[in-house]
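Each chain is listed here by its residues.
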Amino acid sequence: MSIGKTLKYLNRSLRVPFNRKSAFKKLAEFHSNPLSMDKLVDWAMKFPASGHLKVRSSQVRFEIMSLAKAVADLKPERILEIGTAEGGTLFIWANLASKKVISCDILEPGVKQSLYEAFPPPHSQCKVKNLTGDSHTKPFLERVEAELAGEKVDFLFIDGDHTEVGVEADYNEYHHLVRSGGIIAFHDIVEKQAIPENQVHHFWKRLKENTNTEEFVNNANQTGYGIGIVRVP
Ligand SMILES: C[S@@+](CC[C@H](N)C(=O)[O-])C[C@H]1O[C@@H](n2cnc3c(N)ncnc32)[C@H](O)[C@@H]1O
């Protein structure tokens, strides 16, 4: 790491207590108002916190709103997400699920873990569990299964490894954990992508040939994004 980058990192680290206090204050403000889907989605895309406490999601508003509404309609008890990143979509799920949200990433949540755990509304019984590891390994799948203790989830969000083999593996390995009538969603399903590693569309095209699917795509010509959902029979 260059000296400039090291100093910037140190500066951000020193600001953690201040950023944490401010993030929790904003979260309490959010929870002090009745839940609004508009505000929930807006805050998931840009939560008013910064530094190491930054919470963001790179989404097209119409698409993530459509998904959030479809998930809310399920009155979900349990949600499983593969791909926490900066915690944006986790913020949505934690405010919709009544019992548990498991959010997985290869990267550790770091200083944000306590903020993630505080995402559910104060009156909610929902617990947030962050699991760190590679979703494609058997021990990791077993940790997710152990966390669910035999229960199924209402909603599975596959937004981790975006390669064709990666997304297919996540679907094959985790779809048995979704209850009948539940939803499995994929992010970045559109064909035009800015980087070649985003290959979800290859798998999505095959999957939708023989599955009950729906697409939330803001603009048919857009590059990147697009959400596809599968309703589990
Ligand atoms: C597109 S981001 C997730 C965005 C997040 N769902 C949101 O919109 O707020 C993808 C995340 O998946 C994680 N990831 C990639 N491959 C993974 C794997 N094999 N297992 C677990 N996480 C993985 C990456 O580290 C990254 O943080």
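Report on the accompanying structure.

Overview of the site of the ligand
Consideration 1: Around the ligand, 21 residues are found, and the nearest of them are S57, G83, T89, D105 and D159.
Consideration 2: Taking Q59, its side chain carries an N or O atom lying 3.1 Å from an oxygen atom of the ligand.
Consideration 3: Contact between the ligand and A85: an oxygen atom at 3.5 Å from a main-chain N or O atom of the residue.
Consideration 4: Coverage of the ligand by the protein chains reaches 82% of its 610 Å² of free accessible surface.

Looking at the pattern of salt bridges
When the charged atoms of two side chains lie near each other, side chains of opposite charge can form a pair.
Consideration 1: Evaluated as defined, the whole model comprises 14 salt bridges.
Consideration 2: Close ionic contact of K205 with E191 constitutes a salt bridge, the shortest N to O distance being 3.6 Å. Of the two residues, K205 is situated in helix α9 (residues 200-207) and E191 in the loop between β5 (178-187) and α9; the sequence distance between them amounts to 14 residues.
Consideration 3: Overall, the relative accessible area of 39% leaves K205 in the partly exposed class.
Consideration 4: Residue classification places E191 among the exposed residues on the basis of a relative accessible area of 54%.
Consideration 5: Ionic pairing is found between E215 and K208, a salt bridge with its closest N-O pair at 2.8 Å.
Consideration 6: On the basis of relative accessible area, E215 is assigned to the partly exposed category, the value being 37%.
Consideration 7: Taking the relative accessible area as the measure of exposure, K208 reaches 35% and is therefore partly exposed.

Re the environment of N19
Consideration 1: Relative to the helices and strands, N19 is located in helix α2 (residues 16-31).
Consideration 2: Filtering out sequence-adjacent residues up to four positions away, N19 remains in contact with S50, G51, H52 and L53.

Some details on the nonpolar core
Consideration 1: Judged by nonpolar contacts, the single largest core of 40 residues is most densely connected at F47, L67, F91, I92, W93, F119 and F155.
Consideration 2: Every element with two or more residues in this core is listed here: α2, α3 (37-45), α4 (61-73), α5 (88-96), α6 (113-117), β4 (153-158), β5 and β7 (227-231).
Consideration 3: Beyond its immediate stretch of four places on either side in the chain, I92 contacts L40, V41, A44, I64 and A68.
Consideration 4: Core analysis: the second largest hydrophobic core is formed by 26 residues, L148, V178, I184 and V230 among them.

Cut-off values and rules
Residues numbered from 1 in each chain as written. Predicted model: local features only at pLDDT ≥ 70, side-chain atom pairs only at ≥ 80, totals over all residues. Heavy atoms only, no water. Near = heavy atom within 4 Å. Polar contact = N/O pair within 3.5 Å; in protein donor to acceptor, adjacent residues only side chain to side chain. Areas by Shrake-Rupley, 256 points an atom, 1.4 Å probe, with all protein chains shown as cover. Salt bridge = Lys/Arg side-chain N within 4 Å of Asp/Glu carboxyl O. Helix = DSSP H or I, 4+ residues; strand = E, 2+ residues; numbered from the N terminus. Buried < 20%, exposed > 50% of the residue type's maximum accessible area, 1.4 Å probe, protein only. Contact = heavy atoms within 4.5 Å. Core = buried A, V, L, I, M, F, W, Y, C linked by side-chain atoms within 4.5 Å.

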